[in-house]
Amino acid sequence: MRIFSGIQPTGQKHLGNYIGAIVQYVEGQQRAADAGDVAIFCVVDLHAMTVPWEPDEMRARVYDTAAILLAAGLDPDRCIFIRQSDVHEHTELAWHLGAVTAHGDLNRMHQFKEKSARQRDLVSADLFFYPVLMAADVLAYRANEVPVGDDQRQHVELMRDVAQRFNDRFGEQLVVPELKIPSVGARIMDLQDPTSKMSTTGGSVEGTVYVLDDAKTVEKKFKRAVTDSEDPPRIARDPSKPGVSNLIDILAAARGITPEQVEESLADARGYGDLKIATADAVNALLEPVRERYSALRADEDALEAIFAAGAEKARAITSETLRDVRAATGVGPRT
Ligand code: TRP
């Protein structure tokens, strides 16, 4: 069982990313290794070029993201950890896949429609081609499983269609991967607006807890979290209590226990203040070691480059075989 996921180098990672995605990567790294296979995690700098970007900042954002993932527990000795642009087979395979991708299918992608509508100046061809490169990322490794957020569902479905269409035309070359949506963090909500998901783009700074926020800031954000005015206060999950339910879910995820256990443990609490403080403490206990490791990792860019170089070499051992087979099947390139 082989796992592949890609992570955007843009924006700060928040608690929803951490609990929903990053924790699942670390778990996937182990699960793939236990199954005698490998998980590949890729910082997708080429995808970050599909919307306006600052060349001076791109590399720094890639280092930031890499340092967070490594601090969270991705281990370059146990997985394959890469920067997308280092492994040229991704872009080469994207071209081959583009040949079996319908223009009309790309035109239907929700993310393309949203991002192109929001774009003030150039809507680039790369933005349109984004899902094909994403398909190539995964298919180059013949990966079986793709852990991504719900917003990427349509892209993974397209990737499956493209793999299928390629195989129908050129023989069984590629693996049709399965989508895997994380259960927990998908529902981590904004602390100020607990009916919308915690997000770097849409949410409020006060309602979004960043992995790299210091302990004081985390505490302040939880203390100001929106709850409700039920009297007497009731610490229970309930659709009519989105703020309280969110804090319970976060506390459960941070402590590694069930929401029911959280409800029991706070049965004697005097009010929502106790829940807020318990949650802030648990989140700080979870993130403090990550923040410490981050600082050390982020400070040594040469070491990060060395990790990427070693990852790319391991990656190429897999992707060069796929591309050799793909070129042979499509009749492109020299005789084999
Ligand atoms: N598009 C994904 C996102 O925005 C990132 C990504 C790029 C990805 N390539 C991938 C995810 C391949 C999974 C597999 O989150």
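Residues numbered from 1 in each chain as written. Predicted model: local features only at pLDDT ≥ 70, side-chain atom pairs only at ≥ 80, totals over all residues. Heavy atoms only, no water.

1. So, helix α6 (residues 110-118)
Here is step 1 of the chain: Regarding α6, the residues found buried are Gln-111, Phe-112, Lys-115 and Ser-116. One side of α6 holds all its buried residues, which, seen down the axis, span an arc of 115°. For α6, the exposed residues set more than 90 degrees away from the buried face come down to Ala-117 and Arg-118.
Here is step 2 of the chain: For α6, the secondary structure elements touched by its buried residues are α5 (103-107), α7 (125-139) and α8 (153-170). (Buried < 20%, exposed > 50% of the residue type's maximum accessible area, 1.4 Å probe, protein only. Helix = DSSP H or I, 4+ residues; strand = E, 2+ residues; numbered from the N terminus. Arc of directions from axis to C-beta. Contact = heavy atoms within 4.5 Å.)

2. Comments concerning the site of the ligand
Here is step 1 of the chain: In the region of the ligand, 13 residues are neighbours, and Gly-6, Tyr-130, Asp-137, Val-148 and Gln-152 sit closest.
Here is step 2 of the chain: Isolated, the ligand exposes 370 Å² of accessible area, and the fraction of that covered by the protein chains is 90%.
Here is step 3 of the chain: Looking at the shell around the ligand, the elements that each hand over two or more residues are β1 (3-7) and α7.
Here is step 4 of the chain: Among the elements that line the shell around the ligand, the one with the most residues is α7, at four residues.
Here is step 5 of the chain: Class assignment of the residues belonging to the shell around the ligand gives a composition of seven nonpolar, five polar and one charged. (Near = heavy atom within 4 Å. Areas by Shrake-Rupley, 256 points an atom, 1.4 Å probe, with all protein chains shown as cover. Nonpolar A, V, L, I, M, F, W, Y, C, P; charged D, E, K, R; others polar.)

3. Structural notes on the environment of Ala-312
Here is step 1 of the chain: Among the secondary structure elements, Ala-312 is positioned in helix α13 (residues 301-330).
Here is step 2 of the chain: The exposure class of Ala-312 is buried, given its relative accessible area of 2%.
Here is step 3 of the chain: For the pair Ala-312 and Ile-80, spaced 232 residues apart in sequence, the C-alpha to C-alpha distance is 7.9 Å.
Here is step 4 of the chain: In this structure, Ala-312 is in contact with Ile-82, Asp-86 and Val-87, ignoring residues within four places of it in sequence.

4. As for the pairing of strand β3 (residues 80-83)
For a regular strand, side chains alternate in direction, first toward one face of the sheet and then toward the other.
Here is step 1 of the chain: Along β3, one buried face is formed by Ile-80 and Ile-82 and the opposite face, lined by Phe-81 and Arg-83, is buried too.
Here is step 2 of the chain: Pairing geometry for strand β2 (residues 39-43) and β3, over four bridges, is parallel. Each bridged residue has a counterpart across the sheet, and for Ile-40 the counterpart in β3 is Ile-80. (Pairing = 2+ DSSP bridges.)

5. Remarks on the packing of aromatic side chains
Here is step 1 of the chain: Counting across every chain of the model gives five aromatic pairs.
Here is step 2 of the chain: On the basis of an interplanar angle of 35° and a centroid distance of 5.3 Å, the ring pair of Phe-4 and Tyr-141 is categorised as tilted. Taken as a pair, Phe-4 in strand β1 and Tyr-141 in the loop between α7 and β4 (145-147) lie far apart in primary sequence, 137 residues in all. (Phe/Tyr/Trp six-rings, centres within 6.5 Å; stacked < 30°, edge-to-face > 60°.)

6. Concerning the domain arrangement of the protein
Here is step 1 of the chain: Domain boundaries in the protein define domain 1 (3-182 + 301-330) and domain 2 (215-294).
Here is step 2 of the chain: Using C-alpha coordinates to define each centre, domain 1 is positioned 33 Å away from domain 2.
Here is step 3 of the chain: Counting from both sides, the interface comprises eight residues of domain 1 and, opposite them, nine residues of domain 2.
Here is step 4 of the chain: A combined buried area of about 730 Å² lies between domain 1 and domain 2, and 80% of that area is made up of carbon and sulfur atoms.
Here is step 5 of the chain: For the domain 1 face of the interface with domain 2, the top three residues by lost area are Leu-15, Tyr-18 and Ala-71, together amounting to 62%.
Here is step 6 of the chain: The tally of links between domain 1 and domain 2 comes to zero salt bridges.
Here is step 7 of the chain: Taken together, the links from domain 1 to domain 2 amount to one residue pair in polar contact (both at pLDDT 80 or more).
Here is step 8 of the chain: Mapped by element, the contributors of at least two residues to the side of domain 1 that touches domain 2 are α1 (15-34) and α3 (55-72).
Here is step 9 of the chain: Here the side of domain 1 that touches domain 2 takes five residues from α3, the largest share from any one element.
Here is step 10 of the chain: Its residues assigned to classes, the side of domain 1 that touches domain 2 comprises seven nonpolar, no polar and one charged. (Domains from an automatic or database assignment. Buried area = accessible area lost by both parts, 1.4 Å probe. Salt bridge = Lys/Arg side-chain N within 4 Å of Asp/Glu carboxyl O. Polar contact = N/O pair within 3.5 Å; in protein donor to acceptor, adjacent residues only side chain to side chain.)

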